[in-house]
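The residues making up each chain are set out below.
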Amino acid sequence: MKLANTPIHSINVDGYRVFVKRDDLLHPYFSGNKARKFAHFLQHEFDGICRLIGYGSPQANSLYSMSALAQLKGWRLDFYVDHIASHLRDNPSGNYLGALNNGANIIDLSLCSDRQGRAALDYIEQEILPNHQNTLFVPEGGRCAYAEFGVRRLAMELNEWKKQQNLAELTVFLPSGTGTTALFLQKSFYELASSIKVVTCAVVGDCTYLNAQFTQLSANLSHHPHVVALAKRYHFGKLYREFYDIWNKVNKTGITFELLYDPLGWLNLTHYMAENSHETIVYLHQGGLLGNESMLPRYQRKYPLSGKAD
Ligand SMILES: *Cc1c(COP(=O)(O)O)cnc(C)c1O
């Protein structure tokens, strides 16, 4: 199972050369990003643990990856979601279907009578964790200190490549959800190789949310990545014409990107490249392609003619 050491390929976007760190080539169970964030769990023994608990969206990459982790470890996965849309429940696809096939127990909190309006995290912390022993709890999207272990390994691979290429400086760009990957990358580079900087954009929430997430993981501002943003606000999980257009454009390079994080990542990066054309940039492909199974049909229904014109 390939869980580290991915290649870096060169592509051309808008006339600029960009390198792509191919974490999408890691084992599909962990869709890139989660292989790094969950490496600690994969590579260590957890005596006595028999249950993994998580929460998030029923289409989350982390749901699928946690279901694979649980299956490999022989654990049961209880994954709490706010709500499962009836369309998805009746037509399982993508990460949700993959997780069901891996035996995940997906619990719809909107059907739990003792929830009493509480947020998912509060409900789990107050009702579930105190009543279950031998349980490992992973916060939403793997946002926890455990993620540092595997992300540091990723930082070391990037630093090795920079040395091989004889580069004085390097910029690593990635779109952020919780910001865990970006923060631990920046922290690793600060400690290992300060000539590498991390630039990111907020895909879930806005810059204020992302900076608050960074602070939760580390109060040291030197560990915080540089955050760029566009004038327009985009909402997570919503479909936008310019997302679909840029996704079609970057896919023409021969590398397939995902449809939830990468479109806003590339929109931000193309702006950034135009203003910082002297920098050598590596775009971190964080996998997530299984999610395209449900996202692509939605885009094709909404914009039937896009991507077919040329
Ligand atoms: C989970 C995930 C992200 C977000 O990672 P964070 O560490 O939460 O910022 C981005 N892209 C893909 C494909 C993911 O699966």
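Heads up: these notes are all about the structure in this document.

Basis of the calculations
Residues numbered from 1 in each chain as written. Predicted model: local features only at pLDDT ≥ 70, side-chain atom pairs only at ≥ 80, totals over all residues. Heavy atoms only, no water. Helix = DSSP H or I, 4+ residues; strand = E, 2+ residues; numbered from the N terminus. Buried < 20%, exposed > 50% of the residue type's maximum accessible area, 1.4 Å probe, protein only. Contact = heavy atoms within 4.5 Å. Near = heavy atom within 4 Å. Polar contact = N/O pair within 3.5 Å; in protein donor to acceptor, adjacent residues only side chain to side chain. Areas by Shrake-Rupley, 256 points an atom, 1.4 Å probe, with all protein chains shown as cover. Pairing = 2+ DSSP bridges. Axes fitted to C-alpha atoms, helices over the stretch in contact; angles between N-to-C directions.

### Some details on the environment of Ser 31
Here comes step 1: Note on placement: Ser 31 falls in the loop between strand 2 (16-22) and helix 1 (33-37).
Here comes step 2: Residue classification places Ser 31 among the buried positions, given a relative accessible area of 10%.
Here comes step 3: Leave out the neighbours within four places in its chain, and Ser 31 touches Asn 61, Ser 65, Gln 286, Gly 287 and Gly 288.

### Some points on helix 5 (residues 94-101)
Here comes step 1: Restricting attention to buried positions, one finds in helix 5 the residues Gly 94, Asn 95, Tyr 96, Gly 98 and Ala 99.
Here comes step 2: Lining the buried residues of helix 5 we find helix 3 (61-73), helix 4 (86-90), strand 5 (105-108) and helix 12 (292-302).
Here comes step 3: Gly 103 sits one or two positions beyond helix 5 and adopts a positive phi of about 90 degrees.

### Overview of the site of the ligand
Here comes step 1: Taken together, 14 residues form the shell around the ligand, and within it Lys 34, Lys 37, Asn 61, Thr 178 and Thr 181 come nearest.
Here comes step 2: Here Lys 34 contributes a side-chain N or O atom positioned 2.7 Å from an oxygen atom of the ligand.
Here comes step 3: Taking Lys 37, its side chain carries an N or O atom lying 2.7 Å from an oxygen atom of the ligand.
Here comes step 4: Starting from 390 Å² of accessible surface for the ligand in isolation, the protein chains cover 97%.
Here comes step 5: Where the shell around the ligand is concerned, the elements lending two or more residues are helix 1 and helix 8 (180-192).
Here comes step 6: With 3 residues, helix 1 is the single largest residue contributor to the shell around the ligand.

### Overview of the pairing of strand 2
Here comes step 1: Across the 7 residues of strand 2, 5 count as buried, placing the element largely inside the fold.
Here comes step 2: As paired elements, strand 1 (residues 8-13) and strand 2 share 6 bridges and run antiparallel to each other. Residue pairing for strand 2: Asn 12 is matched across the bridge by Arg 17.
Here comes step 3: Remark: 2 residues form the turn of the hairpin made by strand 1 and strand 2, two consecutive strands paired antiparallel; Asp 14 in that turn has positive phi of roughly 55 degrees.
Here comes step 4: For strand 2 and strand 10 (residues 281-285), the ladder comprises 4 bridges, and the chain directions are parallel.

### Notes on the sheet that holds strand 4 (residues 76-81)
Here comes step 1: If you trace the 4 strands from one edge of the open sheet to the other, you get 5-4-3-6, paired in parallel fashion. Of all strands in the sheet, those with a lone pairing partner are strand 5 and strand 6 (135-137), marking the two edges. Strand-to-strand twist across the sheet, computed as the mean angle between neighbouring axes with direction ignored, equals 20 degrees.
Here comes step 2: In this sheet, strand 6 lies alongside strand 3 (residues 51-55) in parallel orientation, the contact comprising 3 bridges. Counterpart to Leu 52 in the pairing with strand 6 is Leu 136.
Here comes step 3: Along the sheet face, helix 3 touches strand 3, strand 4 and strand 5 and points at about 165 degrees away from the line of strand 4.

Note that all results are geometric; they support no functional claim without further evidence.
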